[in-house]
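Fold and contact review
Single-letter residue listing:
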Amino acid sequence: MRRQTRRTFLTTVGAAGAAGLAGCSSIGGSDGDNSSTSSTTKGTDDTSSTSSKGDDTTTKGNDGQNQQGPQTFEDFEKLGPWKIADSQGTLKKSSKEKYEGSQSAHIVGNSKTKYGQIHRMDYGAHPADFSNKNISLAYKCTSHQRSKIAVELFASDRGHIVTMNRTIYGPKGKWIRVNLGTTNQMDGKNIDMSKVFQVRITGRPQDPNTTKPIDFYVDDIKTVSAPKKGMVMLTFDDGRESQYSVAYKKYMKKYGFPGVDAIITDALYDDGYLTKPKMSEMAGDGWDMICHPNTGAKQMDERSRKDQEDLIKESQNWLKGRGFDGYKYMAVPKNVVGPNTFELAQKYFDVTMTFGGGPNALPFIKKNSLMSRAYGHDVATSKKLINYADKYKQVIPLLFHDIGGDNGMPEKKFKAVLEHIKQSNVEVVTLSDLEKKGMLL
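Residues numbered from 1 in each chain as written. Predicted model: local features only at pLDDT ≥ 70, side-chain atom pairs only at ≥ 80, totals over all residues. Heavy atoms only, no water.

1. Quick notes on the overall build of the protein
Counting its regular elements, the protein contains nine helices and 24 strands. Expressed as a percentage of the 441 residues in the protein, the buried residues total 60%. By element, 45% of the accessible surface of the protein is carried by carbon and sulfur atoms, the whole surface being about 17200 Å². (Helix = DSSP H or I, 4+ residues; strand = E, 2+ residues; numbered from the N terminus. Buried < 20%, exposed > 50% of the residue type's maximum accessible area, 1.4 Å probe, protein only. Areas by Shrake-Rupley, 256 points an atom, 1.4 Å probe, with all protein chains shown as cover.)

2. Examining the packing of helix α7 (residues 379-392) against helix α8 (residues 411-423)
The N-to-C vectors of α7 and α8 enclose an angle of 15°; their axes lie 10 Å apart at closest approach. Taken together, the axes of α7 and α8 are roughly parallel relative to one another. When the axes of α7 and α8 are compared, the crossing they make is right-handed. Contacts between α7 and α8 involve V379, S382, K383, I386 and N387 on the former and, on the latter, K413, A416, V417, H420 and I421. Considered class by class, the residues forming the contact of α7 with α8 number five nonpolar, three polar and two charged. (Axes fitted to C-alpha atoms, helices over the stretch in contact; angles between N-to-C directions. Parallel < 35°, antiparallel > 145°, perpendicular 65-115°, else oblique. Left-handed = near helix turned anticlockwise from the far one by under 90°. Contact = heavy atoms within 4.5 Å. Nonpolar A, V, L, I, M, F, W, Y, C, P; charged D, E, K, R; others polar.)

3. Some words on the pairing of strand β21 (residues 351-355)
Counted residue by residue, β21 has five buried out of five residues, so it is predominantly covered. Summarising the sheet, strand β20 (residues 329-331) and β21 pair through three bridges and their orientation is parallel. Counted as the bridge partner of M330 is T352 from β21. Handedness of the crossover joining β20 and β21 through helix α6 (residues 339-348) is recorded here as right-handed. (Pairing = 2+ DSSP bridges. Right-handed = clockwise from strand over helix to strand, strands pointing away.)

4. Some remarks on the pattern of salt bridges
Tallied over the full model, the rule gives 18 salt bridges. Between K140 and E97 there is a salt bridge, with its nearest N and O atoms 2.5 Å apart. With K140 in strand β10 (residues 133-141) and E97 in the loop between β7 (90-94) and β8 (104-108), the pair connects residues that are 43 residues apart, well separated along the chain. A salt bridge links K347 to E309, with the nearest nitrogen and oxygen atoms 3.2 Å apart. Note that K347 is positioned in helix α6 and E309 in helix α5 (residues 305-321), a separation of 38 residues in sequence. Linked through salt bridges whose partners overlap, the residues forming this network are K174, R305 and E343. (Salt bridge = Lys/Arg side-chain N within 4 Å of Asp/Glu carboxyl O.)

5. Focus on the packing of aromatic side chains
What the rule picks out here adds up to 16 aromatic pairs. Between W318 and F324, the aromatic rings sit 6.4 Å apart at their centres with planes inclined by 5°, giving stacked as the arrangement. Owing to a relative accessible area of 17%, W318 belongs among the buried residues under this scheme. You can call F324 buried: its relative accessible area is 4%. Here a set of aromatic residues connected by ring pairs shows up, and it is made of F236, Y244, Y248, Y251, W287, F400 and F414. (Phe/Tyr/Trp six-rings, centres within 6.5 Å; stacked < 30°, edge-to-face > 60°.)

6. Details of the sheet that holds strand β12 (residues 161-169)
In space, the six strands of this open sheet follow the order β6-β9-β15-β11-β12-β14, with antiparallel pairing throughout. The sheet terminates laterally at β6 (82-84) and β14 (184-185), the two strands that pair on one side only. Two elements, strand β11 (residues 146-154) and β12, share nine bridges in a ladder whose sense is antiparallel. When the bridges of β12 are listed, K148 appears paired with T167.

7. Things to note about the packing of helix α3 (residues 242-255) against α8
It is the contact of α3 with α8, at a shortest axis distance of 11 Å, that shows an interaxial angle of 20°. Here α3 lies roughly parallel to α8, going by the angle between them. Remark: the crossing between α3 and α8 carries right-handed chirality. Across the interface between the two elements, V246, A247, K250, Y251, M252 and Y255 from α3 touch E411, F414, K415, L418, E419 and K422 from α8.

8. Things to note about unusual backbone geometry
With an omega of 20°, the peptide bond running from A155 to S156 counts as cis. Mapped onto the elements, S156 comes out in the loop between β11 and β12. The residue after G170, namely P171, is reached through a cis peptide bond having omega 10°. Within the secondary structure, P171 sits in the loop between β12 and β13 (176-179). Phi is positive for K334, which is not a glycine, with a value near 60°. Checked against the element boundaries, K334 lands in the loop between β20 and α6. Taking relative accessible area as the criterion, K334 reaches 15% and is therefore assigned buried.

9. Examining α8
When the terminal C-alpha atoms of α8 are compared, their 18 Å separation across 13 residues agrees well with the 18 Å that a helix rising 1.5 Å per residue should span. All of the buried residues along α8 are F414, V417, L418, H420 and I421. Down the axis of α8, the buried set is contained in an arc of 160°. They therefore lie on one face. In α8, the exposed positions that point more than 90 degrees away from the buried face belong to K412, K422 and Q423. Those residues of α8 hidden inside the fold are in contact with β17 (230-238), α3, α7, β23 (395-400) and β24 (426-428). (Expected span 1.5 Å × (residues − 1). Arc of directions from axis to C-beta.)

Geometric descriptors of this kind do not, in isolation, establish any biological role.
This is the structure in structure tokens:
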């Protein structure tokens, strides 16, 4: 795109403020801010899945920590232990739609609440042990582009619950693996993850005003051995100049914190945006410069598959050709992930990030996954999610746009988030760091 065309585009959509440019919107609003491999087999939609019985293989990251491969907690080959909770919909097996094995659990929501909820509570004297473990599951929603899924662990009873919420902005009709992270807890001081007597799974539409009940499938719940330390990722969208002059030079460099910057390469060198020398300086201090394709005023999924692929290749080739290793990763413009976007992301990138509203399980299973980010501009929410990442040994990527100025996150609030990270027992990482540490499986 020529410079004049770029400037015309920038004028059309407005200079980036808190919602960002070309691909970053605060979609979900307060809903998001307050929410907080092994051998493979083919699924019915031609996606690969992890082994049904786990993998005892261990990997070793550069920090010397051994990581055991994913272990299957529930394969849904028998639905007997699972029941509909509180009359919230219907549950039946599906041999047509499955992620692995011969069947999955098919849940249709209640016609009044639109929720679908199942639970398993038959552990008796032998509760499930989730201590020092993180979990993921395979999820497929066929009724709504935007939905929410939550897993609750009763550890050990109704008064001690660990909740893992995730907002899903697509893809509708595709199996995805959701690496779950903690977004809430009840009576946290007395949580006992070694004694989980009930697991509850809830799906619902993201739109509270919809008239259509949710229709979704779950399969292949896996556990992974949690790392020794929780992690935080400071991510920025669009390649705004304030991310260099304020976030990096004024604050993060002093703290020794690296970041992840999702670059709209078409906007580089325009007023208010980064230049290649500034990107190189940041990368020299450990930052990842990753892909953020320029979709203009459209969502990524509103473009044809060919257009999406061309934009991805253009972004990748620019970064790769100039020596930025972050070309292997992408932040989805405007967060919405259509089926074509999802398939292309799996083809071209090791990790794809989008809004999810909460932390992610570590180690992170890459196959068919999207890494969740949460907006970082609300200090109280950011602190809460950092605390959960610390306690449960997960990773929370926080998302920022401009820092400072008339439209950006106030510098005082940004510094407060950094100070909380410094005082917490967490490590600030990039996507490249996760790979080096063996945290990407």
